[in-house]
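Descriptive analysis of the structure
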Amino acid sequence: MHSLRTRITITMLSLIFVVLMIITLLSAIFIRKTEKHKSNQLLQMLCESGEQSLDYYFDSVQNSVLRVAAFVEEDLDGLEDEQFARHMENAREYFSMMASKTKGVLTYYYRIDPSVSQTVKGFWYIDLDGDGFKEHEVTDITRYDVEDTSKLVWFTVPKHEGKPIWLAPYITDNLDVRVISYDAPVYWKGQFIGVVGIEVDYSTMAAEVNGIRPYDKGYAFLGDEDGNLFYHPHIDVTDPSSDGKYEIPARAADAGAFIRYTYDGVKKIAVWRPLSNGMRLYVTAPVSETEGDWQGLILNIAISATFVLIAASIFLMIYTRRITRPLEQLKEAAEQVDRGNYDFALPYDGDDELGRLTRSFRTLSDNVKVHISNLNGQVYSDALTHVKNKGAFSIALEELQEQIDHGEKVPEFAIGVFDCDFLKVINDRYGHVKGDIYLKTACSTICEVFKRCPVFRIGGDEFAVIIQNADYSNMESLMERFDEAADSINESSVEQWKKVWVSKGFAVFRPSKDSTAISVMQRADKLMYENKKDRKEHGKIELCLPADK
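The present account deals with the structure reproduced in this document. All values reported here derive from a predicted model rather than from experimental measurement.

As a further point, take the pattern of salt bridges. Under the definition given, this model contains 18 salt bridges. Put simply, D113 and K159 hold a salt bridge, and the shortest N to O gap is 3.0 Å. Placement of the pair is D113 in the loop between strand 1 (105–112) and strand 2 (122–126) and K159 in helix 3 (residues 153–161), with a sequence separation of 46 residues. For E208, the salt bridge goes to K390, with nearest N and O atoms at 3.6 Å. Taken together, the positions of E208 in helix 4 (residues 202–210) and K390 in helix 9 (residues 390–406) put the pair 182 residues apart, joining distant regions of the chain. On the accessibility criterion, E208 (15% relative accessible area) is buried.

The following block contains the structure:
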């Protein structure tokens, strides 16, 4: 007990014990805090990304309607039937052009108030099957009281409000389809003339929301500040018994604030962001998933600490002098882990307790690092196609933007956007399993041709690539190879869902024109829709489907 070795051993063991307890405690605090911080960041990022995506979608519809409204008010030069007829043809042509450039349009219309003209009623175009817009017989407005805003809401509400307005989801009277719409009143010399509007397929909005999936059991839904529910992946809001209501947590909470609540006995955390059409996007996930397996990690650290203490007591009694340096190295490595740095060197590899402890610590650290890496990989990987997802694409755009803003050298890159034609038709005719095969075939073709470029799935039927380095100079050749590959697949495939019909658009970053990477993405998206329209006009898109039974 009084020997120097014994006292040194006891002192060292006491010191090791204290250090390990401190490290275990700090690790517990650090791991839990880190898991909570990362999960909050993920929910916030997904919510903001979803907000941007949905707002981009809603804003495109809104801008199209406002431009049409401005055009018809400027074009209208009188209320006589002959003047109205000329005006209606001009409006029809302009509205057709704007609708073709707007994603997800189900119907568009320009209706005249019967009190203004009994002969000129306006027009209504629909596209229910994705084969193009066809004119539909217009609703007889004279059958309704246009002062009653509970009926014929697409006409009566904007007339009553006197301004453009988004309407809550509703079932169209004639088509029996659930839609959301944006409508604008039209005036001529202060007199109400009629309404222009666009109805968007409810399922298109639902697909955008369903693409937001935090963790295994997380999801997103749409509501408003009054607790009304517009879309939920697990609740049928069209069921009259549900009354469109849902216990939305903390309605008064500020946008971006984290909300903890319990639903169906499950503790959850949620965050919401306002959308440009007045809705709210909620992203929620179970707390058990967001906090991760931090308790197991802490238990492993505690067990490892106990093992260190036992091994060190035996080792110190034999190798007091040799143990000092390896312990210092081990302590330094533990501090690196505590700071979140898993890349450290532990050179001691002796065939003894300390050596085994060092290897165990390395294994533990590697396992934690792999675990975190796997979590990140799952978050930014698309489950169906296994390419990068929309969240990864947003991060890639941010990195490009940082190069644009702060890089010493102006970056050279291009963005390509691909849209899989007929996905809805294939899903409806052959089922979603065949639709998934169709998407995977298109994705694998993109990946094969653009094999050195990162490929992202940014929507239900949309993909994107970022082209840089050698592929940037070879972009034209890659585009030709993609067309050849698609043609080869289509010639050799009999089943419609194994073919590749893809519209594409490529935009090159121009420092003189583009201040943001998003503007390059938007140009590529616009070029893709122009390509889709051109291919339709020249008969390059042809889908052979069996006749209806």
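On we go.
Turning our attention to the packing of aromatic side chains. Counting across every chain of the model gives 29 aromatic pairs. Ring centres 5.9 Å apart and planes at 25 degrees place the aromatic pair F450 and F506 in the stacked group. Here the residue F450 occupies a position in the loop between helix 11 (432–449) and strand 13 (455–457), and F506 occupies one in strand 15 (residues 502–508), the gap between them amounting to 56 residues. Like F450, the residue F506 is buried in the burial classification. Each residue in the set F95, Y108, Y110, F123, Y125 and F133 is aromatic and connected to the rest through ring pairs, giving one cluster. Lying over the aromatic face of Y202, R178 brings its terminal NZ or CZ to 5.0 Å of the ring centre. If you follow R280 out to its NZ or CZ, it ends over the ring of W272, 3.6 Å from the centre.

Grouped together as the largest cluster of nonpolar side chains are 55 residues, with contacts concentrated most on Y110, I193, V196 and L222. Broken down by element, the residue count for this core peaks at 12 residues, all from helix 1 (residues 4–75). Leaving out residues up to four positions away in the same chain, L222 has contacts with L54, M205, V209, N228, L229, F230, Y231, L275, M279, R280 and L281. Counting 33 residues, the second largest nonpolar core, distinct from the first, contains C420, L423, C443 and I467.

Turning our attention to the sheet that holds strand 9 (residues 259–263). The strand order 8-7-11-10-9 describes an open sheet built from five strands, whose pairing is antiparallel. Where the open sheet ends on each side, the last strands, each with one partner, are strand 8 (229–231) and strand 9. The average angle at which neighbouring strand axes cross in this sheet is 40 degrees, direction not considered. Relative to strand 11 (residues 280–286), strand 7 (residues 219–223) runs antiparallel, the two being bridged by five bridges. In the strand pairing of strand 11, L222 is matched with L281. Helix 4 contacts strand 7 and strand 8 of the sheet and is inclined by roughly 90 degrees relative to strand 8.

Attention shifts here to the environment of L25. Mapped onto the secondary structure, L25 falls in helix 1. Sequence separation between L25 and I301 is 276 residues, and the spatial gap between their C-alpha atoms is 9.5 Å.

For the rest of this paragraph, the subject is the environment of A334. By the secondary structure assignment, A334 is in helix 7 (residues 324–338). Here the alpha-carbon distance between A334 and F361, two residues 27 residues apart in the chain, equals 8.5 Å. Residues in contact with A334, not counting those within four places in the same chain, are I23 and F361.

A cluster of basic side chains, namely R67, K101, K526 and K533, defines a positive patch on the protein surface. Mapped onto the elements of the fold, K526 is located in helix 14 (residues 517–537).

Counting buried residues in strand 12 (residues 414–420) gives seven out of seven residues, a clear majority hidden from the surface. Alternating positions in strand 12 separate into two faces, A414, G416, F418 and C420 on one and I415, V417 and D419 on the other, with burial throughout. Two strands pair when backbone bridges link them, and strand 12 and strand 14 (residues 462–467) are joined in this way by six bridges, in the antiparallel orientation. Looking across to strand 14, one finds that D419 is bridged to E462. With seven bridges joining them, strand 12 and strand 15 adopt antiparallel strand pairing.

Moving on to the sheet that holds strand 12. Taken together, the four strands give an open sheet; going across it, the order is 13-14-12-15, and neighbouring strands pair in antiparallel fashion. Each of the sheet's edge strands pairs with one partner strand only, and the pair in question is strand 13 and strand 15. Direction aside, neighbouring strands of the sheet carry axes that sit 20 degrees apart on average. Across the sheet, helix 14 touches strand 12, strand 14 and strand 15, and the angle it forms with strand 15 is around 145 degrees.

Along the chain, E225 turns up in the loop between strand 7 and strand 8. Distance in space between the C-alpha atoms of E225 and P274 is 9.3 Å, their sequence separation being 49 residues.

This part covers the side chain of K504. Looking at the secondary structure, you find K504 in strand 15. For K504, the residues in contact, after removing those within four places along its chain, are V417, F418, M479, F482, D483, L527, M528 and N531.

A word on helix 3. Three or more residues of helix 3 are buried, namely W154, F155, T156, V157 and P158. Taken together, the buried residues of helix 3 touch strand 1, strand 4 (165–171), strand 5 (178–188) and strand 6 (191–201). Where helix 3 terminates, the next one or two residues include G162, which has phi positive at roughly 75 degrees.

Once that is clear, we can look at helix 11. Here helix 11 is 18 residues long and its end C-alpha atoms lie 26 Å apart, about the 26 Å a rise of 1.5 Å per residue gives. Listing the buried residues of helix 11 in full gives G435, Y438, L439, T441, A442, C443, T445, I446 and V449. Taken together, the buried residues of helix 11 touch strand 12, helix 10 (423–430), strand 13, strand 14, helix 13 (475–492) and strand 15.

What follows is about the packing of helix 10 against helix 11. The axes of two packed helices give the description: the angle between them and the distance between them. Between helix 10 and helix 11, the shortest axis-to-axis distance is 7 Å and the interhelical angle comes to 145 degrees. When helix 10 is examined against helix 11, the residues L423, I426, N427 and Y430 are found in contact with a partner set consisting of H432, K434, G435, Y438 and L439. Grouping the constituent residues of the contact of helix 10 with helix 11 by class yields five nonpolar, three polar and one charged.

Cut-off values and rules
Residues numbered from 1 in each chain as written. Predicted model: local features only at pLDDT ≥ 70, side-chain atom pairs only at ≥ 80, totals over all residues. Heavy atoms only, no water. Salt bridge = Lys/Arg side-chain N within 4 Å of Asp/Glu carboxyl O. Helix = DSSP H or I, 4+ residues; strand = E, 2+ residues; numbered from the N terminus. Buried < 20%, exposed > 50% of the residue type's maximum accessible area, 1.4 Å probe, protein only. Phe/Tyr/Trp six-rings, centres within 6.5 Å; stacked < 30°, edge-to-face > 60°. Lys NZ or Arg CZ within 6 Å of the ring centre and 35° of its normal. Core = buried A, V, L, I, M, F, W, Y, C linked by side-chain atoms within 4.5 Å. Contact = heavy atoms within 4.5 Å. Pairing = 2+ DSSP bridges. Axes fitted to C-alpha atoms, helices over the stretch in contact; angles between N-to-C directions. Patch = residues over 30% accessible without salt bridge, like charges linked within 9 Å, V, L, I, M, F, W, Y side chains within 5 Å. Areas by Shrake-Rupley, 256 points an atom, 1.4 Å probe, with all protein chains shown as cover. Lys, Arg positive; Asp, Glu negative; His and termini not counted. Charge placed at Lys NZ, Arg CZ, Asp CG, Glu CD. Expected span 1.5 Å × (residues − 1). Nonpolar A, V, L, I, M, F, W, Y, C, P; charged D, E, K, R; others polar.

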